[in-house]
Amino acid sequence: MFLARVTGSVVSTQKLDSMTGRKLLTVEPMRIDPQNRDRLIGVGRTFVCVDTVGAGQGEMVLIVQGSSARMTPETEKLPVDAAIIGIVDTVNVESKTIFSARD
Amino acid sequence: MFLARVTGSVVSTQKLDSMTGRKLLTVEPMRIDPQNRDRLIGVGRTFVCVDTVGAGQGEMVLIVQGSSARMTPETEKLPVDAAIIGIVDTVNVESKTIFSARD
Amino acid sequence: MFLARVTGSVVSTQKLDSMTGRKLLTVEPMRIDPQNRDRLIGVGRTFVCVDTVGAGQGEMVLIVQGSSARMTPETEKLPVDAAIIGIVDTVNVESKTIFSARD
Amino acid sequence: MFLARVTGSVVSTQKLDSMTGRKLLTVEPMRIDPQNRDRLIGVGRTFVCVDTVGAGQGEMVLIVQGSSARMTPETEKLPVDAAIIGIVDTVNVESKTIFSARD
Amino acid sequence: MFLARVTGSVVSTQKLDSMTGRKLLTVEPMRIDPQNRDRLIGVGRTFVCVDTVGAGQGEMVLIVQGSSARMTPETEKLPVDAAIIGIVDTVNVESKTIFSARD
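The following paragraphs examine the structure supplied in this document. Everything numeric in this text was worked out from a predicted model, so none of it was measured.

**Quick notes on the overall build of chain A**
No. 1: Tallying secondary structure elements over chain A gives zero helices and nine strands in all.
No. 2: Secondary structure elements in chain A, listed N-terminal to C-terminal, are β-β-β-β-β-β-β-β-β.
No. 3: Projected onto its principal axes, the C-alpha positions of chain A cover 45 × 25 × 25 Å.
No. 4: In chain A, which comprises 103 residues, the proportion classed as buried is 54%.
No. 5: Taking as baseline every contact in chain A between residues at least 6 positions apart, the subset at least 24 positions apart corresponds to 53%.

**Some words on the relation of the copies chain C and chain B**
No. 1: For these two chains of identical sequence, chain C goes onto chain B by a turn of 72 degrees and a shift of 0.0 Å along the axis, with RMSD 0.0 Å. On the angle and the small slide along the axis, the relation comes out as a five-fold axis.
No. 2: Of the interface residues in chain C, just 11% have counterparts in chain B that sit at the interface too, so the contact is made through distinct surfaces.

**Overview of unusual backbone geometry**
No. 1: At Glu-94 of chain B, a residue that is not glycine, the phi angle is positive and equals roughly 45 degrees.
No. 2: Structurally, the position occupied by Glu-94 of chain B is in the loop between β8 (90-93) and β9 (96-100).
No. 3: Look at Lys-77 of chain D: it is not a glycine, yet its phi comes out positive at around 75 degrees.
No. 4: Counting through the fold element by element, Lys-77 of chain D comes out in the loop between β6 (60-65) and β7 (82-87).
No. 5: The exposure class assigned to Lys-77 of chain D is exposed, which follows from the 9 C-beta atoms found within 10 Å.

**Section: the interface of chain A and chain B**
No. 1: Counting from both sides, the interface comprises 26 residues of chain A and, opposite them, 28 residues of chain B.
No. 2: The leading source of residues in the side of chain A that touches chain B is strand β1 (residues 2-11) of chain A, at five residues.
No. 3: Tallied by class, the residues present in the side of chain A that touches chain B amount to ten nonpolar, eleven polar and five charged.
No. 4: Bridge analysis of strand β2 (residues 14-15) of chain A against strand β7 (residues 82-87) of chain B gives two bridges, and the strand direction is antiparallel. By the bridge assignment for β7 of chain B, Lys-15 of chain A is matched with Gly-86 of chain B.

**Side note on the interface of chain C and chain B**
No. 1: Across the boundary between the two partners, chain C contributes 28 residues, which contact 27 residues of chain B.
No. 2: Counting only elements with at least two residues in the side of chain C that touches chain B, the list comes to β1 (2-11), β3 (24-32), β6 (60-65), β7 (82-87) and β8 (90-93) of chain C.
No. 3: When its residues are assigned to classes, the side of chain C that touches chain B shows 16 nonpolar, nine polar and three charged.
No. 4: Of the pairings in the sheet, the one linking strand β1 (residues 2-11) of chain B to β8 of chain C comprises four bridges and is antiparallel in character. Opposite Gly-8 of chain B, over in β8 of chain C, you have Val-93 of chain C as the bridge partner.

**Topic: the arrangement of the chains**
No. 1: Chain A makes no contact with chain C; the smallest distance between any of their C-alpha atoms is 10 Å.
No. 2: There is a clear gap between chain C and chain D: no contact, and 10 Å between their nearest C-alpha atoms.

**Thoughts on the environment of Ile-87 of chain B**
No. 1: As for its placement among the helices and strands, Ile-87 of chain B is situated in strand β7.
No. 2: Separated by 34 residues in sequence, Ile-87 of chain B and Val-53 of chain B place their C-alpha atoms 7.4 Å apart.
No. 3: Setting aside residues no more than four positions away along its own chain, Ile-87 of chain B makes contact with Ser-12, Gln-14 and Lys-15 of chain A together with Val-53, Ala-55, Glu-59 and Val-61 of chain B.

**Structural notes on the nonpolar core**
No. 1: Judged by nonpolar contacts, the single largest core of 185 residues is most densely connected at Ile-63 of chain A, Ile-63 of chain B, Ile-63 of chain C, Ile-63 of chain D together with Ile-63 of chain E.
No. 2: Setting aside anything within four residues of it in sequence, one finds Ile-63 of chain E in contact with Met-1, Phe-2, Ala-4, Val-27, Phe-47, Cys-49, Ala-82 and Ile-84 of chain E.

**Thoughts on the relation of the copies chain A and chain B**
Superposition of the two copies of the chain requires a rotation about an axis together with a shift along that axis.
No. 1: The two copies are related by a screw operation: chain A maps onto chain B through 72 degrees of rotation and 0.0 Å of translation along the axis, at an RMSD of 0.0 Å.
No. 2: Mapped onto chain B, only 8% of the interface residues of chain A again fall at the interface, so the copies present different surfaces.

**Things to note about the pairing of strand β3 (residues 24-32) of chain B**
Residue and element names in this part refer to chain B.
No. 1: Counting buried residues along β3, seven of its nine residues qualify, which places the element largely inside the surrounding structure.
No. 2: As paired elements, β1 and β3 share five bridges and run antiparallel to each other. Of the residues in β3, the one forming a bridge with Val-6 is Val-27.
No. 3: Across four bridges, β3 lies against strand β5 (residues 47-51) in antiparallel orientation. By the bridge assignment for β5, Leu-25 is matched with Cys-49.
No. 4: Where β3 and strand β4 (residues 40-42) come together, three bridges link them in antiparallel fashion. Residue pairing for β4: Met-30 is matched across the bridge by Gly-42.

**Looking at the pairing of strand β9 (residues 96-100) of chain C**
Residues and elements named next belong to chain C.
No. 1: Pairing of β8 with β9 involves four bridges; the strand directions are antiparallel. Within β9, the residue paired with Val-91 across the bridge is Phe-99.
No. 2: Here β8 hands over to β9 after two residues, with Glu-94 in that stretch at a positive phi of 45 degrees.

**Quick word on the environment of Thr-90 of chain A**
No. 1: Mapping Thr-90 of chain A onto the fold places it in strand β8 (residues 90-93).
No. 2: A C-alpha to C-alpha distance of 27 Å links Thr-90 of chain A and Val-10 of chain A, two positions 80 residues apart in sequence.
No. 3: Those residues within four positions of Thr-90 of chain A in sequence are excluded, and the remaining contacts are Thr-97, Phe-99 and Ser-100 of chain A together with Val-11 of chain D.

Procedures and definitions
Residues numbered from 1 in each chain as written. Chains lettered and ligands numbered in written order. Predicted model: local features only at pLDDT ≥ 70, side-chain atom pairs only at ≥ 80, totals over all residues. Helix = DSSP H or I, 4+ residues; strand = E, 2+ residues; numbered from the N terminus. Buried ≥ 20, exposed ≤ 12 C-beta atoms within 10 Å, placed from the backbone. Contact = placed C-beta atoms within 7 Å. Least-squares fit on C-alpha atoms with pLDDT ≥ 70 in both. Nonpolar A, V, L, I, M, F, W, Y, C, P; charged D, E, K, R; others polar. Pairing = 2+ DSSP bridges. Core = buried A, V, L, I, M, F, W, Y, C linked by C-beta atoms within 7 Å.

Here it is as structure tokens:
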């Protein structure tokens, strides 16, 4: 899995029937800044995910990829390879809280 | 999943029997421009996808990869690892519409 | 899937029993040249694939990866993660034929 | 699989039900330093893994990815694509022990 | 699949029960040198693989990844995503033998 920030959303009306009603969000994967391990930085890539937990714009989330993205009640048998499975409260690195959703 | 633009097509007559009659399109993955988050830019890679929604040259589409690309009525049991599952109308990032199919 | 050119072959006598008699080819993935969209260029990586269509040295082929590489009569249940499933006749980008097997 | 060092942890209260009670750790993949093959260095990426062996901060671990991350008693059927399956005692390269957990 | 050279081994005593007794080797993926297609060069990455064929330090091997790594008698149902499935005798590129195990 990886950490990512929700950056936006995708609207597609002409799509596979089984995808009707699924919320599609764009996310940017994050990593611990190798230069300053006190913060998370974006890696500059763009993924599209199905949301299973009600995540919103700007939130830090946990993403699962591949066949495992189909291991949720909402996504089983869907043609999806990435899903948001949690909203992140805190990320703690080397005894410091480097991300907190409250900030 | 990821966003991509349809760039062209591939013709292959000598191929696995199960692939007969499948439309194969080339696509270029897109990402939100890290320098200017108001637009999408290509990442310079080339994928070949099976089209399940009638996408055409130049259209922005949604791509699913891996075993999940077989989770459509048209692709199940096929040796394909990438499929177009939707045509994108809009991409909305940080409250702006940065892509619209109408433009 | 991706486009690739067949560059060579691999011989391995000491191998898993189920792999006996499988033709193993080396391929180099190709992409549309971002600087000159009229041609394909190699990306410099080396993959080893099982051939299911009788491809030969120098030919442009279509490669499938992952569990989908096992979705062919020749490869099901084999420990293979990449297979050649077609020989490419033409690649057509933005209304031009940028690759033709006849050339 | 790959070698990684445990760097921290992730707390998520709003998540998929099946993920309740799973310990989520952040790890940094390691590689043999190409310039000095006597040591391991971090590659600067950040993964989130489910821990199945009781790993702790700073430990060197073995990570499995993809559908294989679900092949443990603790993770089967979970939406996880990365799991810690071992704590590393030593890494031995070209007849030298380049990592030992005792040091 | 990809070509790799065996560089070393990993010892882990505290691990998932099902992994007991499995030989874990570190390998470095190889590619045809884009500057000099007469030789293979390392790509500088480090993978850990289960050995199914009795490979040793310094040998050139064939690696399978992902769920396909579980398609061997020794690895089925194991949490492994990479396995050595053959020892390479020769690699032949553009009519030249660029690698031979005898050398």
